[in-house]
Amino acid sequence: MSAGFGFTSAAAPVDWDALTRYATEVMGRAYAPYSSYRVGAAGLVEDGRVVLGCNVENAAYGVALCAECGMISALHSTGGGRLRAVVCVDGQGQPIMPCGRCRQLIWEHGGAECQVLTPRGPVAMSEVLPDAFDETDLQQ
């Protein structure tokens with residue numbers, strides 16, 4: 001599996017099971033020697049690519065990289081675009097909510113309509129991060 005590859009047509013419904021499998025597979029590559037809390041993230045891009053990321057810890061705890069950060073980096077390193085759907089999983093492959101910083105990253109690269117798989121099911125970013133700050137706030 002690579003950082004970005006064909007997944008589905010842009011108009012097809014989100015295959016949450018497949019996206020969860022991708023997130024779970026990449027979670028196995030996480031570098032988490034300090035917390036042992038492994039996280040994987042998979043994002044479906046509007047053009048059908050899937051981009052992946054896993055968390056990478058550091059002995060200086062505050063500079064660890066979240067899985068979602070790696071996923072966003074993969075988004076841009078494989079051609080950019082907008083996210084349609086995102087899944088983040090824990091070490092057991094169960095969906096988890098992104099942290100606050102990562103919610104902002106997902107909003108920036110997917111917007112209000114991007115769907116995130118939560119423990120209660122798929123939810124639009126507009127519900128995950130209501131009243132989000134974005135580029136329109138910078139233009140005022």
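In case you missed it, the structure is sitting above this.
Residues numbered from 1 in each chain as written. Predicted model: local features only at pLDDT ≥ 70, side-chain atom pairs only at ≥ 80, totals over all residues. Heavy atoms only, no water.

Draft legend 1. A look at the environment of Asp 17. Take Asp 17: it is sitting in helix α1 (residues 16-27). For the pair Asp 17 and Val 87, spaced 70 residues apart in the sequence, the C-alpha separation amounts to 9.7 Å. (Helix = DSSP H or I, 4+ residues; strand = E, 2+ residues; numbered from the N terminus.)

Draft legend 2. Summary view of the environment of Asp 90. Within the secondary structure layout, Asp 90 lies in the loop between β4 (83-89) and α3 (100-110). A relative accessible area of 13% places Asp 90 in the buried class. The spatial distance from the C-alpha of Asp 90 to the C-alpha of Arg 38 is 5.9 Å, given a sequence separation of 52 residues. Setting aside residues up to four positions removed in sequence, Asp 90 forms contacts with Met 27, Tyr 37, Arg 38 and Ile 96. At 2.9 Å, the side chain of Asp 90 forms a polar contact with the backbone nitrogen of Gln 92. (Buried < 20%, exposed > 50% of the residue type's maximum accessible area, 1.4 Å probe, protein only. Contact = heavy atoms within 4.5 Å. Polar contact = N/O pair within 3.5 Å; in protein donor to acceptor, adjacent residues only side chain to side chain.)

Draft legend 3. Focus on the pairing of strand β2 (residues 40-45). By the criterion of burial, β2 is predominantly enclosed, with six of the six residues buried. Side chains Gly 40, Ala 42 and Leu 44 of β2 all project onto a buried face; the interleaved residues Ala 41, Gly 43 and Val 45 project onto the opposite face, where all are buried too. Here β2 hands over to strand β3 (residues 49-54) after three residues, with Gly 48 in that stretch at a positive phi of 100 degrees. Relative to β4, β2 is paired through six bridges, and the arrangement is antiparallel. Following the sheet pairing, Ala 42 is matched in β4 by Val 87. (Pairing = 2+ DSSP bridges.)

Draft legend 4. Main features of the packing of aromatic side chains. All told, the structure shown has one aromatic pair when counted by the stated rule. On the numbers, 5.8 Å between centres and 70 degrees between planes, the contact of Tyr 34 with Tyr 61 is edge-to-face. Of the two residues, Tyr 34 sits in the loop between α1 and β2 while Tyr 61 sits in the loop between β3 and α2 (67-77), which places them 27 residues apart along the sequence. On the basis of relative accessible area, Tyr 34 is assigned to the partly exposed category, the value being 39%. (Phe/Tyr/Trp six-rings, centres within 6.5 Å; stacked < 30°, edge-to-face > 60°.)

Remember that the coordinates give geometry; whether it matters functionally is a separate question.
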